[in-house]
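Below, each chain spelled out in residue letters.
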Amino acid sequence: MAAAKGPSPGRLASVYSEVQTNRLHHALPLPSVLGSHFSLVDGPPSSATGNPDEIAKLFPKLFGQPSAALVPAKEATEGKPLKVGVVLSGGQAPGGHNVICGIFDFLQERAKGSTMYGFKGGPAGVMKCKYVELSTDFVYPYRNQGGFDMICSGRDKIETPEQFKQAEDTAKKLELDGLVVIGGDDSNTNACLIAEYFRAQNLKTRVIGCPKTIDGDLKCKEVPTSFGFDTACKIYSEMIGNVMTDARSSGKYYHFVRLMGRAASHITLECALQTHPNIALIGEEVAAKKQTLKNVTDYITDIICKRAELGYNYGVILIPEGLIDFIPEVQKLIAELNEILAHDTVDESGVWKNKLEAESKKLFEFLPPAIQEQLLLERDPHGNVQVAKIETEKMLIDMVETELGKRKSEGKYKSHFIGQSHFFGYEGRCGLPTNFDASYCYALGYGAGALLQCGKTGLISSVGNLSAPVAQWTVGGTALTSLMDVERRHGKFKPVIKKAMVELDGAPFKKFASLRDEWAVKNRYISPGPIQFIGSGSDAVNHTLLLELGVQA
């Protein structure tokens with residue numbers, strides 16, 4: 001399918017708000033290494049995060065290749081025109097448009113005469129050769145704006161032999177010199193598989209990844225953070241701050257706030273550091289301590305009782321979206337339910353429950369009826385419970401209410417409890433990117449262009465030294481195979497980039513743990529307010545990153 005001639009962008013900058021227009025004209029600084037002549041220096045041969053022998057078998061062409069760093073050079077390297085495609089993969093994250101703008105500007109400035117294609121609707125666009133040719137006018141309205149609507153995203157993967165052949169056909173048809181995949185851990189694993197396949201087919205098309213996810217679980221030493229995390233956490237923290245002021249004003253509500261982050265609890269931890277809630281549950285700690293649902297309920301209830309004695313019948317509780325996945329007994333129950341539902345129907349009389357093990361049956365019956373129903377909902381394509389659809393915040397309100405009623409009847413609680421539930425999720429995915437995310441994404445894209453120009457493939461664009469001013473940021477590429485381990489699926493080893501979970505011995509969690517007892521009973525609420533683009537606080541970086549880099553105590 002051919003691109004339309006001179007396509008119009010889907011947005012009209014003429015109807016933008018004053019803030020959007022200001023952001024549109026906001027000039028982005030570049031790391032100094034990208035602002036002048038540079039060359040590429042390779043590091044030592046790389047290995048893998050785990051099972052290097054298996055990763056070497058899966059990536060015979062790419063395994064062991066070095067990571068690379070851009071360094072200043074005295075003379076410019078001649079940049080011939082390139083044909084480069086870009087694809088957005090997975091869920092939205094603030095800043096994605098700036099990655100595309102960074103690649104586009106690199107090609108315009110450093111490889112004059114280049115052509116850039118945006119594949120529409122994610123990896124399916126690569127397979128079906130659906131694209132738009134990007135031009136200065138087309139890209140313009142999206143600069144420093146949220147969303148992925150310039151070319152839109154998708155969750156398809158290129159994984160079957162037929163799909164790899166379709167991607168190859170597209171690369172040949174458009175004579176692509178490079179393909180940039182903007183996505184999370186799964187998407188970057190896929191990018192590496194495509195790079196390996198293209199190399200094995202002797203294609204000239206090189207593949208570079210860019211680290212995207214608001215969940216913050218794609219990071220390592222060389223890739224200090226994924227883009228979108230900074231903005232999303234600041235959006236959620238503003239909303240949490242508003243809810244805190246409401247709690248304090250009415251004096252009678254406990255706000256249970258579920259936050260995005262299915263696998264890791266980074267968002268909940270960062271929002272806690274920004275706002276100081278009375279309680280923040282961290283899934284990784286719940287798993288490490290092998291806590292039960294009853295343990296979690298009692299922990300919340302104990303704090304509510306302590307606060308009641310001090311005259312506080314209100315508070316704010318943060319809950320990670322994936323909490324239920326971290327509780328061992330719930331994981332066991334879900335596994336048994338998946339097995340039963342794969343082979344049997346659920347009868348209304350409840351006879352099917354007898355197929356559960358005794359402890360799982362007891363837990364199932366302990367759960368509020370609404371949660372029981374959600375656990376029996378339609379499965380995802382892999383036959384698993386759709387955890388994101390389980391309203392954990394409502395479940396905990398019900399369970400805390402029941403426990404407080406019990407304590408009241410025993411004379412251990414004399415106050416009143418009203419729970420309010422919230423889920424802050426999609427609100428954070430497409431906001432106007434913060435100054436940090438806007439600059440970080442632009443540097444990631446510009447750096448990806450530089451890596452392609454230098455002939456690199458199978459690397460993830462990496463920008464470091466992020467606590468320093470933008471001019472001092474470092475730029476390079478990290479071997480994607482070095483981030484990988486294997487998982488056994490359907491009797492075969494599959495490569496995976498391991499998700500970075502909250503580390504309980506890491507600086508962000510340690511800081512939180514040292515303060516949470518005080519936050520529990522004393523109201524140390526912080527209302528950060530809306531994201532600032534100029535003036536005080538506009539260049540502030542999230543606590544998690546600064547603590548992990550050792551800059552913040």
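Attention here is on the structure that accompanies the text. (Residues numbered from 1 in each chain as written. Predicted model: local features only at pLDDT ≥ 70, side-chain atom pairs only at ≥ 80, totals over all residues. Heavy atoms only, no water.)

1. Let's talk about the overall build of the protein chain
On a plain count of helices and strands, the protein chain comes out with 20 helices and 15 strands. For 553 residues, the compact-globule formula gives about 24 Å, and the C-alpha radius of gyration of the protein chain, at 25 Å, lands near that figure. Once the C-alpha set of the protein chain is aligned to its principal axes, its extents read approximately 80 × 55 × 45 Å. The buried share of the protein chain, taken over its 553 residues, is 56%. In the protein chain, the share of contacts with a sequence separation of at least 24, taken over all contacts with a separation of at least 6, comes to 79%. Of the accessible surface of the protein chain, which amounts to about 23500 Å², a share of 51% is contributed by carbon and sulfur atoms. Side chains of the protein chain give 61 positive and 63 negative charges; the mean places of these two sets differ by 2 Å. (Helix = DSSP H or I, 4+ residues; strand = E, 2+ residues; numbered from the N terminus. Rg over C-alpha atoms; globule rule 2.2 N^0.38 Å. Buried < 20%, exposed > 50% of the residue type's maximum accessible area, 1.4 Å probe, protein only. Contact = heavy atoms within 4.5 Å. Areas by Shrake-Rupley, 256 points an atom, 1.4 Å probe, with all protein chains shown as cover. Lys, Arg positive; Asp, Glu negative; His and termini not counted. Charge placed at Lys NZ, Arg CZ, Asp CG, Glu CD.)

2. Considering the pairing of strand β2 (residues 68-72)
When strand β1 (residues 38-42) meets β2, the two strands line up antiparallel, connected through five bridges. Residue pairing for β2: F38 is matched across the bridge by P72. (Pairing = 2+ DSSP bridges.)

3. Describing the pattern of salt bridges
The tally for this structure, following the rule as stated, stands at 30 salt bridges. Residue D105 is joined to R143 by a salt bridge in which the shortest nitrogen-to-oxygen separation is 2.7 Å. On the criterion of sequence distance, the pair formed by D105 in helix α4 (residues 96-110) and R143 in the loop between α6 (136-139) and α7 (161-173) is long-range, its members being 38 residues apart. For the pair D105 and R143, one class covers both residues: buried. Through salt bridges with shared partners, one network takes in K294, D298, D302, E403, K406 and R407. (Salt bridge = Lys/Arg side-chain N within 4 Å of Asp/Glu carboxyl O.)

4. A few points about the sheet that holds strand β11 (residues 419-424)
Taken in spatial order, the four strands make up an open sheet running β9-β10-β8-β11, and their pairing is parallel. Looking along the sheet, the strands with just one partner apiece sit at the ends: β9 (279-280) and β11. Pairing between β9 and strand β10 (residues 315-320): two bridges, direction parallel. Opposite A280, over in β10, you have L318 as the bridge partner. Here helix α17 (residues 392-409) sits on the sheet in contact with β8 (254-259), β10 and β11, set at roughly 165° to β11. (Axes fitted to C-alpha atoms, helices over the stretch in contact; angles between N-to-C directions.)

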